[in-house]
Amino acid sequence: MDVEWLLSFASSLSLFFLAWFFQRIFGSWLSPSAFFAGYWAVCLSGALIVAPEFGFWVPAGWVILCFCTVFGFGEALVCMVLNQKNGKYSKISTDVYWILQWGMPMLVILTLASFASCVILIMGSSYASEVFSHPGKLLEIGLENANKRYLYQETNRLVIFVNMFMYLGAFTGGAWAAMKKTWWGFFFGGAVLLPGLLQSLLVNARTGMMWLFIFFLASYLAVAVFKNEHRIFFTLKKGFFSISIVVFFIALFFSLQLIREGENAFESDVSLIKTKVSVCCPPYLFSKWLRQNWHSVEASYGLKTFNGFFSLLGFPDPQALGWEGIEIETAEGDFSPNVYTAFRQLIEDFTLLGSFFFLFALGVATGIAYRRVLMGKYFWFPILALFYAVTLGSYLSNWLNYTSLLLAWVMFFCVNCFFSFLPYCVTHAEVEPRVGKDHSVLCTNCSCGGD
């Protein structure tokens, strides 16, 4: 077996150990440090096992390990300081939960708005008059939009605007599903993902659906921390569900690739290898880029990592995703994907050395948010959801590059700030409660007597 592969795989095993170490220290796999290291342990080891022939540069794996370690040091500092001041968070009562008021109407409105973007895409295609009588034309619309994208034609701005509400719906749906914990809660919360699946067919692209699910899951995880379910969150049932989701997305990637190539499932050699490249390439591309550029990076001070914010100010970076054609060599030819993980953007912004300081500061900030949410501070819940979303998306890139995704989270933060001032009684939702100084909910005009 190749020595370089063994050394690379050793770094992924070290990430597993690091994640376990942080889990033991902070008491949960959902603690920022354990989650960050554990997520990248799974991603890196999976890519190395599935596609060892792509060629991974050994030091890149150890750089990722160091990134996760420094991030954990930042959280550890917060833990030491805040625990001295406030005591251990495991003793905090979790009898009171907040839920999103008007959550059901919001989900309905956001889902309908999301379907509106699909209607706009259909009406803007050359098959608008045929699609309702021949549903198979949806695939033709997808190919048409894919060709426009490859020719760098501008996307319909109205679709971009409406998509913000679709991504806001994903954040809201995840929170709703986690709060309700019933089958119909999952049904209505997950319904906001259906327009994204339809849109994937209409544009023949996969990342939009992935961002939707990432936002849904990030919000779900943040609510789990708020409800103090973080200590026993991962179970065998949830592990099986996670594997099912991964299989679903791989099947989606493969199906869309079949449509692009015009192949059928029995003659799919090109589609199969392109799907493999799409799924496994990000850490390999990052390692190849790092090998070539780690010593010559000129800091852009946030212009790439926070490109979505700078675009709002009128200073977009057209190369924020980095399209310079680093190749992945396969038996079917060479491919040049453009997905380099979020680590590349981080290094381009702050250099390799500066990235360690940035991640340490990020560990401090995220550690504060995590512990505030554990204390029942609902204001910090969207900030913790932001961390989970950035981490889950870091395998591809930093989604803060995209203005529509960034604005969706900003709207989510503003909506939750508003609702955080409207307390809600869990067991008697029709009754307006008041909040006591000890942060316990006291029901008024209610037969429960405040219990």
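### Some remarks on the overall build of the protein
Looking only at helices and strands, one finds 15 helices and 4 strands in the protein. For the protein, buried positions account for 50% of its 451 residues. For the protein, the share of sequence-separated contacts (at least 6 apart) that also reach a separation of at least 24 residues comes to 76%. With the model as given, the accessible surface of the protein reaches about 21,700 Å², and the carbon-plus-sulfur share is 67%.

### Notes on the packing of helix H2 (residues 32–50) against helix H11 (residues 269–293)
Two elements in contact, H2 and H11, have axes whose closest approach is 9 Å; the angle formed by their N-to-C orientations is 120°. Looking at the two axes, H2 sits oblique to H11. Pair H2 / H11 crosses with left-handed handedness. Across the interface between the two elements, Leu44, Ala47, Leu48 and Val50 of H2 pack against Lys276, Cys280, Pro283 and Tyr284 of H11. Per-class residue counts for the contact of H2 with H11 are 7 nonpolar, no polar and 1 charged.

### Side note on unusual backbone geometry
Of note in this structure, Thr341 is not a glycine but carries a positive phi near 70°. With respect to the helices, strands and loops of the structure, Thr341 is situated in helix H13 (residues 341–374). When its relative accessible area of 2% is taken as the criterion, Thr341 is described as buried. Of note in this structure, Thr351 is not a glycine but carries a positive phi near 70°. Along the chain, Thr351 turns up in helix H13.

### Concerning the nonpolar core
Membership of the largest hydrophobic core comes to 107 residues, with the highest contact counts inside it found for Trp40, Phe215, Tyr388 and Trp399. Counting residues per element, this core draws most heavily on helix H9 (residues 207–226), which supplies 16 residues. If sequence neighbours within four positions are ignored, Tyr388 has contacts with Leu30, Phe35, Ala218, Leu221, Ala222, Val225 and Tyr370. Core analysis: the next-biggest nonpolar cluster, separate from the first, contains 7 residues, Cys118, Ile122, Val159 and Ala205 among them.

### Focus: H13
Taking 1.5 Å per residue, 34 residues should reach 50 Å; H13 reaches only 30 Å between its end C-alpha atoms and comes up short. Put simply, Thr341 is the residue that caps the front of H13, since its side-chain oxygen is 3.2 Å from the backbone nitrogen of Phe343. Positive phi shows up at Gly376, right after H13, with a value of about 90°.

### Here we look at the side chain of Ser31
For Ser31, the position within the fold is in the loop between helix H1 (3–26) and H2. The class of Ser31 is buried, set by a relative accessible area of 0%. If near-sequence neighbours (up to four positions away) are discounted, Ser31 is found in contact with Phe22, Phe26, Glu75 and Tyr370.

### Let's talk about the packing of aromatic side chains
The tally for this structure, following the rule as stated, stands at 31 aromatic pairs. Centre to centre, the rings of Phe71 and Phe387 are 5.7 Å apart; their planes meet at 10°, and the pair counts as stacked. Taken together, the residues Phe71 in helix H3 (residues 58–86) and Phe387 in helix H14 (residues 381–393) connect sequence positions 316 residues apart. Of the two residues, Phe71 and Phe387, both sit in the buried class. Across from the ring centre of Tyr340, 4.5 Å away, lies the NZ or CZ of Arg344, which sits over that ring.

### Description of the side chain of Ser12
Inspection of the secondary structure assignment puts Ser12 in helix H1. For Ser12, the side chain forms a polar contact with the main-chain oxygen of Phe9, separated by 2.6 Å. Beyond its immediate chain neighbours, meaning those up to four positions away, Ser12 contacts Ala41, Leu44, Ser45 and Leu48.

### Overview of the packing of H1 against H2
Running from amino to carboxyl end, H1 crosses H2 at an angle of 155°, the nearest separation of the two axes being 8 Å. As judged from the angle between their axes, H1 and H2 are roughly antiparallel. In the packing of H1 onto H2, the handedness of the crossing is left-handed. Facing Trp5, Ser8, Phe9, Ser11, Ser12, Leu15, Phe16, Leu18, Ala19, Phe22, Gln23 and Phe26 of H1, the residues of H2 in contact are Ser33, Ala34, Ala37, Gly38, Trp40, Ala41, Val42, Leu44, Ser45, Leu48 and Ile49. Taken together, the residues of the contact of H1 with H2 break down into 16 nonpolar, 7 polar and no charged.

### A closer look at helix H8 (residues 194–203)
Every α-helix winds through 3.6 residues per turn, so residues three or four apart in the chain are directed the same way. Regarding H8, the residues found buried are Pro195, Gly196, Gln199, Ser200, Leu202 and Val203. An end-on view of H8 places all buried positions within 165° of arc, on one side of the element.

What counts, and at which threshold
Counting restarts for each chain: residues are numbered from 1 in the order of the written sequence. Local features in this predicted model are restricted to residues whose pLDDT is 70 or higher, and side-chain atom pairs enter the listing and the counts only when it is 80 or higher, whereas totals over whole chains, interfaces and linings include all residues. To obtain the side-chain values, all non-hydrogen atoms of the structure were included, while hydrogens and water were left out. By definition, any uninterrupted DSSP run of H or I lasting at least four residues is a helix, any uninterrupted run of E lasting at least two residues is a strand, and each is numbered from the N terminus. Here the term buried applies to any residue with accessible area under 20% of the maximum for its type, exposed to any over 50%, and partly exposed to those in between, with areas from a 1.4 Å probe on protein chains only. Residues count as neighbours in contact if any of their non-hydrogen atoms are within 4.5 Å of one another. To be clear on the numbers: accessible area is Shrake-Rupley with a 1.4 Å probe, and residue cover counts the displayed protein chains and nothing else. Under this scheme, a helix contributes an axis fitted over its contacting stretch, all axes are lines through C-alpha atoms, and angles between N-to-C directions fall in the 0 to 180 degree range. Oblique is the label for any angle not under 35 degrees, not over 145, and not in the 65 to 115 range, which are roughly parallel, roughly antiparallel and roughly perpendicular in turn. In a left-handed crossing the near helix is turned counterclockwise from the far helix by less than a right angle, and in a right-handed crossing that turn is clockwise. When residue character is reported, Ala, Val, Leu, Ile, Met, Phe, Trp, Tyr, Cys and Pro are called nonpolar, Asp, Glu, Lys and Arg charged, and the others, Gly included, polar. Throughout this description, the term nonpolar core refers to a set of buried Ala, Val, Leu, Ile, Met, Phe, Trp, Tyr and Cys residues connected via side-chain atoms within 4.5 Å. Expected helix span is computed as 1.5 Å times (number of residues minus one). In protein, a polar contact requires one atom able to donate a hydrogen and another able to accept it; more generally it is a pair of N or O atoms within 3.5 Å, and residues adjacent in sequence count only if both atoms are side-chain atoms. Put simply, two rings from Phe, Tyr or Trp (the six-membered ring, in Trp's case) pair if the centres are within 6.5 Å, and we call them stacked under 30 degrees between planes, edge-to-face over 60, tilted for the rest. Either the NZ atom of lysine or the CZ atom of arginine qualifies as a charge over a ring when it sits within 6 Å of the ring centre and within 35 degrees of the ring normal. As used here, the arc is the angular range of directions from the helix axis to the C-beta atoms.

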